[in-house]
Amino acid sequence: MDIPLGKGIFLVASPSLRDPNFRQTVILLCEHGPEGALGVVVNRPTEINITEVLPQVPILEGQHHRVFSGGPVQKNNLLILYRTPEGAQDSHHVFNGVYLGGNMKALEDLVQDPASL
């Protein structure tokens, strides 16, 4: 049975895949269409704490969330994958209450009060 590709689908790397960028990865497909695809690797945690990446966001102080390496493309961008009943402004709906975004105000609101979005 073939499952059509689309957002919300997890892609699991074949054991025979040798490309180090995608070897042993699980990718959440966040967008897929005629204009292209966007996916993030969800199983590669780094040793970096979110407060190291975003020291300018005071609400994150004391948080112990790890940053994940989301893929080999645009390594200097931070995308936030989060689950909440409603997405923040400028977020991208992936599936069933899961959103992808990079809005720092939304991140602050989410950490401060998860029900605020």
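Further up the page is the structure itself.
**Some words on the sheet that holds strand 8 (residues 98–101)**
Sheet strands associate in pairs through backbone hydrogen bonding, adopting either a parallel or an antiparallel arrangement. Read across the sheet, three strands follow the order 6-8-7 without closing on themselves; strand pairing throughout is antiparallel. Across the chains shown, the open sheet's two edge strands, defined by having one partner strand only, are strand 6 (80–83) and strand 7 (92–95). In this sheet, neighbouring strand axes are inclined to one another by 30° on average, regardless of whether the strands run parallel or antiparallel. Two strands pair when backbone bridges link them, and strand 7 and strand 8 are joined in this way by three bridges, in the antiparallel orientation. Along strand 8, the bridge assignment pairs Phe-95 with Val-98.

**Some remarks on unusual backbone geometry**
We note that Gln-24 has phi near 60°; this positive angle belongs to a residue other than glycine. With respect to the secondary-structure elements, Gln-24 resides in the loop between strand 1 (10–12) and strand 2 (26–33). Despite not being glycine, Asn-96 shows a phi value in the positive range, around 25°. Take Asn-96: it is sitting in the loop between strand 7 and strand 8. Taking relative accessible area as the criterion, Asn-96 reaches 61% and is therefore assigned exposed.

**As for the nonpolar core**
Listed in full, the 12 residues of the largest apolar core are Ile-50, Leu-54, Val-57, Leu-60, Val-67, Ile-80, Tyr-82, Ala-88, Tyr-99, Ala-106, Leu-107 and Leu-110. Sorting the residues of this core by element identifies strand 6 and helix 2 (104–112) as the ones contributing at least two each. Take this core: its biggest share by element is three residues, from helix 2. Leu-28, Cys-30, Val-40 and Val-94 belong to the second-largest nonpolar core, a separate cluster that totals six residues.

Basis of the calculations
- Residues numbered from 1 in each chain as written.
- Predicted model: local features only at pLDDT ≥ 70, side-chain atom pairs only at ≥ 80, totals over all residues.
- Heavy atoms only, no water.
- Pairing = 2+ DSSP bridges.
- Helix = DSSP H or I, 4+ residues; strand = E, 2+ residues; numbered from the N terminus.
- Axes fitted to C-alpha atoms, helices over the stretch in contact; angles between N-to-C directions.
- Buried < 20%, exposed > 50% of the residue type's maximum accessible area, 1.4 Å probe, protein only.
- Core = buried A, V, L, I, M, F, W, Y, C linked by side-chain atoms within 4.5 Å.

Read these as geometric descriptors, not functional statements.
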